[in-house]
Amino acid sequence: MSGRRGPLVRPPAVRRAARWSAAWLRARKPASLRTSFALAFAAGAAAVTVLVGFLSYDSAARLVRLDEKSVFTEVVRDLRAQVRERPYVPADYTADAAADSGGPRDELAGASRTDVQVLSAGGRIVEVGHPALPAGDRERRVAARPGAGDHEEQVVVLGDAEYHVATVALGGGRGAVQVARKLSGTEDLLSALQQRTVLLAAGVIALAGAVGWWLARRITGRLVRLTAVAESVAERGRVDVDVPVEGRDEVGRLGRAFDDMLGRLTTAVHDQQRLVQDAGHELRTPLTSLRTNISLLKRFDELPAPAREELLADLAGEARELTDLVNELVALAAGQRDDDPASDVHLAEVADRAAASARRRTGRPITVRTERPAVVQARPAALHRALSNLLENAAKFDAEGTAPIDIVVTGARIEVLDRGPGIADSDLPYVFDRFYRAPAARGLPGSGLGLAIVREIAVAHGGGAFAAVRPGGGARLGFTVGAAGPGAASDGAVGGAGGPR
């Protein structure tokens, strides 16, 4: 019969169970890693224990049952051999005959847990067994058989126990001998073995759960502490916390990586706070000057022509200086993380391009000397900016000079040399500080961030910035990319943290 089936309709009880299960799953808290590990360990131990216990019990039961059957088979075989050797009669197997002369009954009685019952030629019980064995039509037919040793076997239930019964004909219609062996004893033994196996498996599972919990606590203890630290950082927003970093395994490595990450975040937060504070301080000066000049615009018509021109020139200069300062702050706050991908860069080519740009802007002669060419992995635009800042700094401090500004490339090291007034020894440690301006430079234009950006770019490329006095007058400022080039900090060179001189 074919046809389209309608939608499946679930019984109300099934729908209620499904809703309850969904609600329970939603309300259920996620299990901890420790609990999951302990449960997994216990489940694995339980699976192994149950499998081993089942296989062991099954093998033992098979062996016991096989042994029990082998013993009974041996008894039946011996009885059949007896009746075939001599023409025994039922009286020979009675207890009285065995007590008087030690007849064939003794050999059967010697088999442990074997019951014997004797039947006459008509199948009548001559001597009843303990317990009494069945003596019906089947047994009477065996007792009447002419062939000695003919037999029938069956399993019967007597009372509350099972027995394996064999009826063996004496031959010539003289009767038969019945032997029986209790099977329930074997099953009782196997039942006791089964109970002990179950108890042992339960004990092993409980012990495995306890050991799993202990192991999970030892293994996940550091993870729990690390998780608590991470949650504390996420909740409170504080990154200056102690992180557990014990061990040399993956958890220890994770702790060290997390600690290093928090250290970097702490440094970044402090740098950001310092940048904001310094920027606020530096922005106040041009803004105050702008407000003062703007207030003078209210009396612009009253001012003489030279004062008007001076006022407009001041406003333009302050606006330009404020724009430069904001641009430098944005560049510094961004950490020079632009989209310019790193690639193989010839430092000599970067120096040639920066020198050409600086010549057009300043009109100063600039020479480039490559003592040892180098190719480095870097962002070309960032290196160009750093070198341009150095050239603008040199041109600013040697504005009236006629001597060329020199660029020297030595491996992964670039330096700019000028013949300006040089740098005082007291200022050398601070020339790369943000917003630091030497006393001689405070009257010159500039944002105070040019060399800070140079250093940021150098550090981002695995190098550093340096400054020194040039022999014969002037200054030497530069940076390295990657491993510091030879002489990067020699001849009185001092590394700094940002800012022009």
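Residues numbered from 1 in each chain as written. Predicted model: local features only at pLDDT ≥ 70, side-chain atom pairs only at ≥ 80, totals over all residues. Heavy atoms only, no water.

Within an unreviewed UniProt entry, the label attached to the protein reads histidine kinase, and the organism entered is Streptomyces lunalinharesii. The annotation that UniProt attaches to the protein under Subcellular location (unreviewed entry) is "Cell membrane". If you open the UniProt record of the protein and go to Catalytic activity (unreviewed entry), you find "ATP + protein L-histidine = ADP + protein N-phospho-L-histidine." (UniProt positions renumbered as here; feature names shortened; annotations may be inferred.)

A. Up close: the overall build of the protein. Across its full length, the protein holds 11 helices and 12 strands. Here the protein holds 501 residues, and 37% of them are scored as buried. Partitioning the contacts of the protein with sequence separation of at least 6, the portion at a separation of at least 24 is 66%. In the form shown here, the protein has an accessible surface area of approximately 28700 Å², with 57% of it arising from carbon and sulfur atoms. (Helix = DSSP H or I, 4+ residues; strand = E, 2+ residues; numbered from the N terminus. Buried < 20%, exposed > 50% of the residue type's maximum accessible area, 1.4 Å probe, protein only. Contact = heavy atoms within 4.5 Å. Areas by Shrake-Rupley, 256 points an atom, 1.4 Å probe, with all protein chains shown as cover.)

B. Quick peek at the sheet that holds strand β2 (residues 125-127). In spatial order, the strands read β2-β1-β5-β4-β3; together these five strands make up an open sheet with antiparallel pairing. In the strand order of this sheet, the two ends are held by β2 and β3 (151-158), each with one partner. Strand-to-strand twist of the sheet, defined as the mean angle between neighbouring strand axes without regard to direction, takes the value 30 degrees. Sheet topology note: the strand β1 (residues 114-119)/β2 ladder contains two bridges and is antiparallel. Paired with Val 118 across the bridge in β2 is Glu 127. (Pairing = 2+ DSSP bridges. Axes fitted to C-alpha atoms, helices over the stretch in contact; angles between N-to-C directions.)

C. Structural detail: the nonpolar core. Counting residues in hydrophobic clusters, the biggest one holds 40 residues, and the most contacted among them are Leu 383, Ile 407 and Phe 479. Of all the secondary structure elements, the ones that give two or more residues to this core are α9 (347-362), β8 (375-378), α10 (380-397), β9 (405-410), β10 (413-418), α11 (450-460), β11 (465-469) and β12 (475-480). Residues in contact with Ile 407, not counting those within four places in the same chain, are Ala 351, Ala 355, Ile 366, Thr 367, Val 368, Arg 369, Leu 387, Leu 391, Ile 414, Glu 415 and Val 416. (Core = buried A, V, L, I, M, F, W, Y, C linked by side-chain atoms within 4.5 Å.)

D. Looking closely at the UniProt feature "transmembrane region" (unreviewed entry) in the protein. Here, UniProt's "transmembrane region" (unreviewed entry) annotation points to residues 36-57 and 198-216. Its end C-alpha atoms 26 Å apart, residues 198-216 is made of 100% helix and 0% strand.

E. The sheet that holds β9, seen in detail. The sheet built from five strands is open, its strands ordered β7-β9-β10-β12-β11 with mixed pairing. Edge positions in the sheet fall to β7 (366-372) and β11, since each has one partner strand and no second. Ignoring which end each strand starts from, the neighbouring axes of this sheet average 20 degrees apart. On top of the sheet, α10 reaches β7, β9, β10 and β12; it is set at about 175 degrees to β12, its chief contact. Most of the contacts of α11 go to β12, to which it runs at about 30 degrees, and overall it touches β11 and β12.

F. The arrangement of the pairing of β12 in detail. A large share of β12 lies buried, amounting to six of its six residues. What you see with β12 is no split at all: Ala 475, Leu 477 and Phe 479 on one side and Arg 476, Gly 478 and Thr 480 on the other are buried throughout. As judged from the six bridges shared by β10 and β12, these two strands associate in the antiparallel manner. From the neighbouring strand, Glu 415 faces β12, where its bridge partner is Gly 478. Here β11 runs beside β12; their pairing, made up of five bridges, is antiparallel. When the bridges of β12 are listed, Ala 468 appears paired with Arg 476. In this structure, the hairpin formed by β11 and β12 is closed by a connection of five residues, where Gly 472 is found at a positive phi of approximately 90 degrees.

G. The arrangement of the environment of Ser 295 in detail. Within the element layout of this structure, Ser 295 appears in helix α7 (residues 250-296). For Ser 295, a relative accessible area of 37% translates into the label partly exposed. Among the polar contacts listed, one links the side chain of Ser 295 to the backbone oxygen of Thr 292, at a separation of 2.5 Å. (Polar contact = N/O pair within 3.5 Å; in protein donor to acceptor, adjacent residues only side chain to side chain.)

H. Expanded view of unusual backbone geometry. Looking along the chain, the bond that leaves His 130 and enters Pro 131 is cis, with omega of 5 degrees. Following the sequence through the fold, Pro 131 ends up in the loop between β2 and α5 (137-143).

I. Broad picture of the packing of α10 against α11. As a packed pair, α10 and α11 sit with axes 9 Å apart at the nearest point and diverge in direction by 145 degrees. At the point where α10 passes α11, the crossing takes the left-handed sense. Where α10 abuts α11, its residues Ala 382, Leu 383, Arg 385, Ala 386, Asn 389, Leu 390 and Asn 393 lie against Gly 450, Leu 451, Ile 453, Val 454 and Ile 457. Partitioning the contact of α10 with α11 into residue classes produces eight nonpolar, three polar and one charged. (Left-handed = near helix turned anticlockwise from the far one by under 90°. Nonpolar A, V, L, I, M, F, W, Y, C, P; charged D, E, K, R; others polar.)

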